[in-house]
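An overview of the molecular structure
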Amino acid sequence: KLLLHTNFSEPAGWNILGAAKELGIDRNDILTSYKCKNCRAAQIAPFAGNEINCPACGKEKGLLNVDINHGFTEQELNNVYNVMDCYVHPATSGGHEVPLEEAMLAGIPCATVDYTFGETYIRGGAYSLPFNTYRERESNFKKSSPTPEGIAEFLEQIYFNREGAKWQSDHQREWALDYFNPDKHAAGILEYIENLPKSNYDFEFTVFKN
């Protein structure tokens, strides 16, 4: 099963089911996340529309496909990650990429590209997906294009080497707990502030006209 914790009808127009039909993939093998606006039940199920009837409370069109305004709690999100055998993040580029941090903290083996944001997670033990690069026409940024063969190889490793997958998940979680430790980062910020040289600011702010 392929679990896509995303909104199937974002303005970007993913056309996920169209791609599945083209590739001969059963749409029931592609799962997504729903949450009821009435009883707040969270559910993972094959995509059947953005608004469907809720099996928990019976509310007609109460179950909504998740989006940034109608999402899961942290506990529910943790459950989503723990349904997965692994988490693959084949992004073109990015900044912090929070889902990778969440998956590692949930103890799920991860794979991503060793490029921009991914360099940090690769150091933390994530599987390095092979990729090619291209120039995005609109921005002229260099982007990564992960290879399908690399993703398939990672999935095969997870499927056929369960002991290795367990070792990877434990190693990644241990690294993430240390690397993203809020107390550790807060202490570093406090130390930086405390070691700044004394200043004689008068704090008399004047608005200047450009």
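Before reading further, recall that the structure is shown in the block above.
Summarised in this report is the structure supplied together with it.

Moving on, we get to the sheet that holds strand β7 (residues 110-113). Reading across from one edge, β6-β7-β8 is the order of the 3 strands in this open sheet, with parallel pairing throughout. Each edge of the open sheet carries a strand with a single partner, namely β6 (87-89) and β8 (127-129). Averaged over neighbouring strand pairs, the angle between their axes works out to 25 degrees when direction is ignored. Two strands pair when backbone bridges link them, and β6 and β7 are joined in this way by 3 bridges, in the parallel orientation. Counterpart to Val88 in the pairing with β7 is Ala111.

What follows covers the nonpolar core. Core analysis: the largest hydrophobic core is formed by 32 residues, its most contacted members being Tyr81, Tyr87 and Tyr121. Taken together, the elements giving at least two residues each to this core come down to α2 (74-83), α3 (98-105), β7, α4 (118-123), β8, α5 (148-160) and α6 (162-179). Among the nonpolar cores identified, the runner-up in size contains 11 residues, and Ile16, Ala20, Tyr34 and Cys54 belong to it.

For Asp85, the location among the structural elements is in the loop between α2 and β6. C-alpha separation for the pair Asp85 and Tyr159, spaced 74 residues apart in sequence, amounts to 8.2 Å. If near-sequence neighbours (up to four positions away) are discounted, Asp85 is found in contact with Ile108, Pro109, Ile158 and Arg162. Here Arg162 takes part through its side chain, which lies 3.4 Å from a polar atom of the side chain of Asp85.

Approximately 2,000 Å³ is the volume found for the largest pocket. Lining of the largest pocket is provided by 44 residues; of these, Leu2, Leu3, Leu4, His5 and Val88 occupy positions nearest its centre. Of all the secondary-structure elements, those providing two or more residues to the lining of the largest pocket are β1 (2-4), α1 (16-23), β2 (30-36), α2, β6, α3 and α5. For the lining of the largest pocket, the leading source of residues is α5, giving 7 residues. Here the lining of the largest pocket is built from residues that sort into 31 nonpolar, 5 polar and 8 charged. Looking at the lining of the second largest pocket, the elements with two or more residues in it are α2 and α3.

Glancing now at the packing of aromatic side chains. Counting across every chain of the model gives 12 aromatic pairs. Between the aromatic rings of Phe8 and Phe47, the centroid separation amounts to 4.3 Å while the plane-to-plane angle is 5 degrees, which identifies the pairing as stacked. Of this pair, Phe8 sits in the loop between β1 and α1 while Phe47 is found in the loop between β3 (42-46) and β4 (51-52), placing the two residues 39 residues apart along the sequence. Note on accessibility: Phe8 and Phe47 belong to one class, buried. Considering the side-chain rings of Tyr127 and Phe154, the 5.0 Å spacing of their centres and the 35 degrees angle between planes classify their relative orientation as tilted. On the criterion of sequence distance, the pair formed by Tyr127 in strand β8 and Phe154 in helix α5 is long-range, its members being 27 residues apart. The exposure class of Tyr127 is buried, given its relative accessible area of 16%. By relative accessible area, Phe154 is classed as buried at 1%.

Rules of the game
Residues numbered from 1 in each chain as written. Predicted model: local features only at pLDDT ≥ 70, side-chain atom pairs only at ≥ 80, totals over all residues. Heavy atoms only, no water. Pairing = 2+ DSSP bridges. Helix = DSSP H or I, 4+ residues; strand = E, 2+ residues; numbered from the N terminus. Axes fitted to C-alpha atoms, helices over the stretch in contact; angles between N-to-C directions. Core = buried A, V, L, I, M, F, W, Y, C linked by side-chain atoms within 4.5 Å. Buried < 20%, exposed > 50% of the residue type's maximum accessible area, 1.4 Å probe, protein only. Contact = heavy atoms within 4.5 Å. Polar contact = N/O pair within 3.5 Å; in protein donor to acceptor, adjacent residues only side chain to side chain. 1 Å grid on protein atoms, 1.4 Å probe; cavity = no way out; pocket = protein on both sides within 12 Å on 5 of 7 lines; lining within 4 Å. Points joined across faces, edges and corners; volume = space filled by probe spheres on them. Nonpolar A, V, L, I, M, F, W, Y, C, P; charged D, E, K, R; others polar. Phe/Tyr/Trp six-rings, centres within 6.5 Å; stacked < 30°, edge-to-face > 60°.

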